[in-house]
Amino acid sequence: MNATLQATLGELAALPGVRAALAATESDGLPAAAVAAVDVDADALAAFATALFHRTRLANAAAGYGETRHLSLDAEHGRLFVVTTGDIALVLLTQPDASAGLLRVALQRALRTVA
Amino acid sequence: MTRSVAPWLDAPLGEFVRQARVGLAVALEPSGRVLAQHGFTRSVDVMAVCSLVAAINASSSELGRQANGDAFGPLHHGGGKRQVFLAPARAGSGTVLLLAVFDDRTSLGIVRHFFGAFTQSLAQVTDSELANGPMTGDFERDLGRNLAVLFGRA
């Protein structure tokens, strides 16, 4: 499982524009494995990305939108993508010009691999 | 509301509680003497919690020394609805124990992250600020007085 996870994260991290790819437990926000640039704090990324996803899930449920499947956030200097299955969250931190469509497909594929 | 008997703890603990979104927090000396609290409404609860935290810290520290050669770091217990996080932080030449109780409004990762900021704040505390604290050396009297201050009875 760990080798599969690490290999999957390695493939995600090799995509153009990706600065960090990590897997975290969604319930407690702790990283399980990460492939990240040296200036990325993987612990903080896992904690905040999963917290954001958790909040978004609650907001969507409260609004009657059902289950949250995917979260993407565009900021001035980068993009954040989060997908979950069970208690595993996959998180990507990318450059602002990274291809959202490509990354989204790659994330869904990776999610099926690690699920 | 965060209340303390140690002015150098006011800002760091208040910031930790606000950022990490914990429901209850208490800072104490390893001896069990309370220094600051947030969220407790009864002094007897703080007293009991401080006693338990001091005992847990003493036990786990000694266990760490026996098994690991050095005291263990932060301790986390997960419950059904609530979780506790207990960790030591250096303040000047002393140590402050922080206990935080939180639920699913936050996560262990978030609590750990902001505990890091808390420890950095306490690392700036000087021994002269510590000496300006509420301690007189009489444990029982200090405990009683600190609890009175924390719950607005002093």
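Our structure's up above, just so we're on the same page.
Since we're looking at a predicted model, the values are computed, not measured.

Summing up its helical and strand segments, chain A has three helices and five strands in all. Element order for chain A, N to C, with α for helix and β for strand: α-β-β-α-β-β-β-α. For 115 residues, the compact-globule estimate of 2.2 N^0.38 gives 13 Å, and chain A sits close to it at 13 Å. Taken along the three principal axes of its C-alpha coordinates, chain A extends 35 × 35 × 25 Å.

Residue and element names in this part refer to chain B. On the basis of which strands lie adjacent, the open sheet formed by six strands has the order β1-β3-β2-β6-β5-β4 and antiparallel pairing. One side of each edge strand has no neighbouring strand; the edge strands of this open sheet are β1 (2-4) and β4 (75-78). The mean angle between the axes of side-by-side strands here comes to 15 degrees, regardless of whether they run parallel or antiparallel. Strand direction decides the pairing type here: β1 and strand β3 (residues 34-38), joined by three bridges, are antiparallel. Across the sheet, the residue bridging to T2 is H38, located in β3. Across the sheet, helix α1 (residues 7-20) is in contact with β1, β2 (24-28), β3 and β6 (94-102); its angle to β1 comes to roughly 155 degrees.

As a further point, take the nonpolar core. In this structure, A:L22, A:V91, B:A25, B:V26, B:A27, B:L98 and B:A100 are the most contacted members of the largest nonpolar core, which totals 70 residues. With seven residues, the top contributor of residues to this core is β6(B). Not counting chain neighbours up to four residues away, the residues in contact with B:A100 comprise B:A20, B:V22, B:A25, B:F85 and B:V111.

Moving on, we come to the sheet that holds strand β3 (residues 70-75) of chain A. Residue and element names in this part refer to chain A. Here five strands make up an open sheet; going across it, the order is β2-β1-β5-β4-β3 and the pairing antiparallel. At either end of the open sheet lies a strand with only one pairing partner, and these are β2 (31-36) and β3. Taken over all neighbouring pairs, the strand axes of this sheet differ in orientation by 10 degrees on average, direction set aside. Relative to strand β4 (residues 78-85), β3 is paired through six bridges, and the arrangement is antiparallel. Its bridge partner lying in β4, S72 is registered against F81. Lying over the sheet, helix α3 (residues 100-114) contacts β1 (18-25), β3, β4 and β5 (88-94), oriented at roughly 30 degrees with respect to β4.

The next subject is the environment of B:M47. Within the secondary structure layout, B:M47 lies in helix α2 (residues 43-68). The spatial distance from the C-alpha of B:M47 to the C-alpha of B:V34 is 7.7 Å, given a sequence separation of 13 residues.

Right, let's talk about the pairing of β1(A) for a bit. Among the eight residues in β1(A), six count as buried, and that is most of the element. The turn joining β1(A) and β2(A), which pair antiparallel and follow one another in sequence, is formed by five residues; a positive phi near 70 degrees is taken by A:G29.

So, how was this worked out
Residues numbered from 1 in each chain as written. Chains lettered and ligands numbered in written order. Predicted model: local features only at pLDDT ≥ 70, side-chain atom pairs only at ≥ 80, totals over all residues. Helix = DSSP H or I, 4+ residues; strand = E, 2+ residues; numbered from the N terminus. Rg over C-alpha atoms; globule rule 2.2 N^0.38 Å. Pairing = 2+ DSSP bridges. Axes fitted to C-alpha atoms, helices over the stretch in contact; angles between N-to-C directions. Contact = placed C-beta atoms within 7 Å. Core = buried A, V, L, I, M, F, W, Y, C linked by C-beta atoms within 7 Å. Buried ≥ 20, exposed ≤ 12 C-beta atoms within 10 Å, placed from the backbone.

Remember, this is a structural readout, not a statement about activity or role.
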